[in-house]
Amino acid sequence: MKRKDALRAALGARSLDRETPPAELPTGNPVEAPATDPATEAPRQLVRSGAVGAMGRSLGRIASAAAEARAMVASGDRVVELDTALVDGSFVKDRLSVDPEEHAAFVALIRERGQQVPILVRPHPSEAGRYQVAYGHRRLRAAIELGRPVRAVVKTLTDEDLVVAQGQENSARADLSYIERALFAIALEDRGFDRATIMAALAVEKTQLSRLIGIGRAVPVDIVTAIGPAPKTGRPRWTVLVEALAREGAGEVVGRVLATPDFSELSSDDRFARLFSALTAPAPRPAPVPAVWTTLGGRPVVRIDRGRQGTQLTVDDSLEPDFAAYLIQSLPQLYAAFAESKTRDDTD
């Protein structure tokens, strides 16, 4: 019940209270769904080649949603079956992409077990006889792929109710990456939703929301699209990336990295890491410019190269053939004079 209580608080107890009558269902479209017990969702062994990790994550998400389904039934919500052709997605996109392996595992689970957790929809605000999803887009896609009706709870929701339900559902299941949450916040702000509604939708405080929107607006859309959701990449690294993008020459680096042949074949997090490394790598130190000692007549007789291994003097014999030999012979006197000057400096 904790998930239901949190959502009811965010919605101001308007849409999900038992006292709120269910939305009137268009005649002939929905079919009352047979009762199912979410407790029967305990995972059993399934063998799917190449999808063990994805299958585990899908099982975890379904198990965590069992309490939500029980809460819906306990609160008197009616679960119906809808023709997927009558159901449209939310008017605000909240995902950049779907992992193909995870989606395949999720579809396999629903094929094997059925859809245990209903989605939440509202009657479409502008098209009679149709519905609009608040949350459950993955389950809707799976039902479409399997050619099955989708099990749903139909609620009368305002636009604000819908985006809060959509955002909190994703936040509760940690489904959206940091950059996806940032883009979701921007999409809501651009549609005119106030900050209070966006904070409720994402379950964040004012400062956190400001950071989300600031970072989301600072990263060009083409870069976000090329990288994708980067699910393992959080605010600190996105912040550093934004700073790096503001440096001189960053555009050239971005273009070079995105154009590499294997970039699109990398995972989303690896694409972020490659671009991040290229933009934050320390600039190569320029080779030191050698100094030149010239005679009173202006002839560049000695070239002076300073490096990590020491200082090297190169005498141009073509200009002063005997000068190098003279320096070598004079080294004892030169060093004695050097040592005496250090002694004077120490006693002064």
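Predicted model, so just to flag it, every value in this text is computed and none were measured. (Residues numbered from 1 in each chain as written. Predicted model: local features only at pLDDT ≥ 70, side-chain atom pairs only at ≥ 80, totals over all residues. Heavy atoms only, no water.)

### Observations concerning the overall build of the protein
This is how it is decided: Put simply, DSSP H or I for four residues or longer makes a helix, DSSP E for two residues or longer makes a strand, and each gets a number counted from the N terminus. Under the scheme applied here, a residue whose accessible area is under 20% of the maximum for its type counts as buried, over 50% as exposed, and between as partly exposed, the area being computed with a 1.4 Å probe on protein chains only. Two residues qualify as a contact provided that any one of their heavy atoms is within 4.5 Å of a heavy atom in the partner residue. Areas reported as accessible are Shrake-Rupley estimates using a 1.4 Å probe. Residue values count occlusion only from the protein chains shown.
A count of helices and strands for the protein gives 13 helices and nine strands. Going through the 348 residues of the protein one by one, you find that 41% of them count as buried. Considering only intrachain contacts with a sequence separation of at least 6, the fraction spanning at least 24 residues in the protein is 72%. Summed over its atoms, the accessible surface of the protein is roughly 19600 Å², and 55% of this surface lies on carbon and sulfur atoms.

### Here we look at unusual backbone geometry
Positive phi is not limited to glycine here, since A203 has a value of about 55 degrees. Turning to its location among the elements, A203 is positioned in the loop between α7 (195-202) and α8 (206-218). For A203, a relative accessible area of 54% translates into the label exposed. The backbone phi angle of A230 is positive, close to 45 degrees, even though this residue is not glycine. Tracing the chain through its elements places A230 in the loop between α9 (221-227) and α10 (235-245).

### Notes on the sheet that holds strand β8 (residues 300-307)
Applied cut-off: Only strands that DSSP links by at least two bridges are regarded as paired with each other. Angles here are taken between N-to-C directions and fall from 0 to 180 degrees, while the axes themselves are lines fitted to C-alpha atoms, restricted in helices to the stretch in contact.
Here three strands make up an open sheet; going across it, the order is β7-β8-β9 and the pairing antiparallel. Every other strand in the sheet has two partners, leaving β7 (291-294) and β9 (310-315) as the edge strands with one partner each. Along the sheet, successive strands turn relative to each other by an average axial angle of 25 degrees, direction set aside. Both β7 and β8 contribute to a ladder of four bridges, which runs antiparallel. Its bridge partner lying in β8, A291 is registered against I304.

### Observations concerning the pairing of strand β6 (residues 150-154)
Within β6, five of the five residues are buried, leaving the element largely enclosed by the surrounding structure. Where strand β2 (residues 79-82) lies against β6, four bridges are found, and the strand directions are antiparallel. By the bridge assignment for β6, V79 is matched with V153. Sheet topology places strand β4 (residues 119-123) next to β6; three bridges connect them, and they run parallel. Following the sheet pairing, L120 is matched in β6 by V153.

### Section: the nonpolar core
What counts, and what does not: In this text, buried Ala, Val, Leu, Ile, Met, Phe, Trp, Tyr and Cys residues form a nonpolar core when linked through side-chain atoms within 4.5 Å.
Formed by 48 residues in total, the largest nonpolar core has its most connected members in W238, L241 and L279. Residue contributions to this core peak at seven residues, all from helix α6 (residues 178-190). The next biggest cluster of nonpolar side chains, apart from the first, holds 13 residues, and it includes V121, Y131, L140 and A152.

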